[in-house]
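Here's the letter readout for the chains.
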Amino acid sequence: MTSTSTSAPARPEAPARRASRSPNRLRRAGVLAAGVALAAAAVGVQSLGLTREERTAHLTWTGGVGEEISASRFSARVKAVHAAKAVETTDVTGQVKKATTSQIFLIAEVGATANRGPQKLGIPTLLTEDGKRYAATDKVEASLTITNPYIQVGWWTESVTVFEVPATALTGSRIVLAPQSGFIAESFLPEVEVDLGLDEAATQRLISNAKDVYQLASKK
């Protein structure tokens, strides 16, 4: 007898698997969103335990009139201060406007330069001896003040800032300058605080020498 052997029929080979495709746009967007969420969570964790004042606190560098004060991101100086009963402005079109007050205008000649990259200064404030803060007046067009131009690295931008305040606020006052904050409020934003050197005698001299009209023209 002859023996015969039978073999199982051959199975068809499985088709070769294609290499996986790169993640689609939705998946990439999801990964990006997760990354942003994690970053935001990390910032939130760092903020835990801080008071509102601590979260918005500034790092302050101080100096006096005529001094160049470097505050990490930028440097600034106040060259001189003047007082006036009115401010007359002339814009680039030649239009003249006159701002008056029942108080007094304090005009500070200000210079600034960037230490890292182009930036703008935020609205300057006048900090009084008793802790009150006065923002620069809106009676003078911002385009004529230090808040208008971009502060550049490598050279100084010169302009002014103008405050409208009671004469009693001048003694012991300081001008505070800081860069604009981003969309999200920054912690420990650098600022420069300039002591104007106004004791009672210096304040009286400043007021007695106040100009009837301080003229301020746009630089063409």
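Let me begin by describing the structure that accompanies this report. All values reported here derive from a predicted model rather than from experimental measurement.

### Thoughts on the overall build of the protein chain
Counting secondary structure elements, the protein chain contains three helices and 10 strands. Written out in order from the N terminus, the α and β elements of the protein chain read α-α-β-β-β-β-β-β-β-β-β-α-β. Taking all 220 residues of the protein chain together, 33% fall into the buried category. By sequence separation, contacts in the protein chain at least 24 residues apart represent 74% of the contacts at least 6 residues apart. About 14500 Å² of surface is accessible on the protein chain, with carbon and sulfur atoms providing 53% of the total.

### With respect to the packing of aromatic side chains
Across all of its chains, the model carries zero aromatic pairs by this definition. Sitting over the ring of Trp156, Arg77 keeps its end group 3.9 Å from the ring centre.

### Details of the pairing of strand β9 (residues 189-195)
In regular strands, side chains alternate between the two faces of the sheet. When you tally the buried positions in β9, you get six out of seven residues, the bulk of the element. Bridging between strand β8 (residues 174-177) and β9 involves four bridges; their strand directions are antiparallel. Its bridge partner lying in β9, Val176 is registered against Glu193.

### Section: the sheet that holds β8
If you trace the five strands from one edge of the open sheet to the other, you get β1-β9-β8-β5-β6, paired in mixed fashion. The sheet is open, and its two borders are formed by β1 (58-64) and β6 (133-135), each paired with just one other strand. Taken pair by pair, the neighbouring strands of this sheet meet at an average axis angle of 25°, ignoring direction. Here β1 runs beside β9; their pairing, made up of seven bridges, is parallel. In the strand pairing of β9, Trp61 is matched with Val192.

### Observations concerning the pattern of salt bridges
For the structure shown, the criterion picks out five salt bridges. The closest approach of N and O atoms between Glu158 and Arg77, which form a salt bridge, is 2.6 Å. Taken as a pair, Glu158 in strand β7 (residues 157-165) and Arg77 in strand β3 (residues 74-90) lie far apart in primary sequence, 81 residues in all. By relative accessible area, which is 26% here, Glu158 ends up partly exposed. With a closest N to O distance of 3.5 Å, Glu141 and Lys97 form a salt bridge. Taken together, the residues Glu141 in the loop between β6 and β7 and Lys97 in strand β4 (residues 96-114) connect sequence positions 44 residues apart.

### Regarding the environment of Asn115
Mapping Asn115 onto the fold places it in the loop between β4 and β5 (125-127). The partly exposed category is assigned to Asn115, whose relative accessible area is 34%. C-alpha of Asn115 to C-alpha of Val153: the two residues are 38 residues apart in sequence and 5.7 Å apart in space. Contacts of Asn115, omitting those with residues within four sequence positions, involve Ser70, Ser72, Arg73, Phe74, Ser75 and Val153. A distance of 3.3 Å separates polar atoms of two side chains, one belonging to Asn115 and the other to Ser75.

### Brief notes about the side chain of Thr203
Here Thr203 is to be found in helix α3 (residues 200-208). Thr203 has contacts with Ala167, Leu170, Thr171 and Leu198, leaving out every residue within four places of it along the chain.

### As for α3
Here α3 has its buried residues at Ala202, Thr203 and Leu206. One face of α3 carries all of its buried residues, which in axial projection span an arc of 100°. Seen from the open side of α3, the exposed residues pointing more than 90 degrees away from its buried face are Glu200, Gln204, Arg205 and Ser208. The secondary structure elements touched by the buried residues of α3 are β3 and β4.

Cut-offs and rules
- Each chain has its residues counted from 1, following the order in which its sequence is written.
- Local features in this predicted model are restricted to residues of pLDDT 70 or higher, and side-chain atom pairs are both shown and tallied only at a pLDDT of 80 or more, whereas totals for entire chains, interfaces and linings draw on every residue.
- Hydrogens and waters are ignored; side-chain quantities use all the structure's heavy atoms.
- Strands are runs of DSSP state E lasting at least two residues, helices are runs of H or I lasting at least four, and both sets are numbered from the N terminus onward.
- Note on exposure labels: buried denotes an accessible area under 20% of the residue type's maximum, exposed denotes more than 50%, and partly exposed covers the range between, all computed with a 1.4 Å probe on protein chains only.
- Throughout, a contact is declared for two residues whenever any of their heavy atoms are within 4.5 Å.
- Note on areas: Shrake-Rupley, 1.4 Å probe, and residue coverage restricted to the protein chains presented here.
- Between the rings of Phe, Tyr and Trp (Trp by its six-membered ring), a pair exists once the centres lie within 6.5 Å; its type follows the angle of the planes, with under 30 degrees stacked, over 60 edge-to-face, and the other angles tilted.
- Two thresholds decide whether a charge sits over a ring: the Lys NZ or Arg CZ must be within 6 Å of the ring centre and within 35 degrees of the ring normal.
- For two strands to pair, DSSP has to find at least two bridges joining them.
- Between N-to-C directions, angles cover 0 to 180 degrees, with each direction set by a line fitted to C-alpha atoms, over the stretch in contact for helices.
- Salt-bridge detection follows one rule: a side-chain nitrogen of Lys or Arg within 4 Å of a carboxyl oxygen of Asp or Glu.
- For this analysis, a polar contact is any N or O atom pair within 3.5 Å, provided that within protein one partner can donate a hydrogen and the other can accept it, and provided that sequence-adjacent residues contribute only side-chain to side-chain pairs.
- What the arc measures is the spread of directions leading from the helix axis to the C-beta atoms.

These results come straight from atomic positions and should not be treated as a statement about function.
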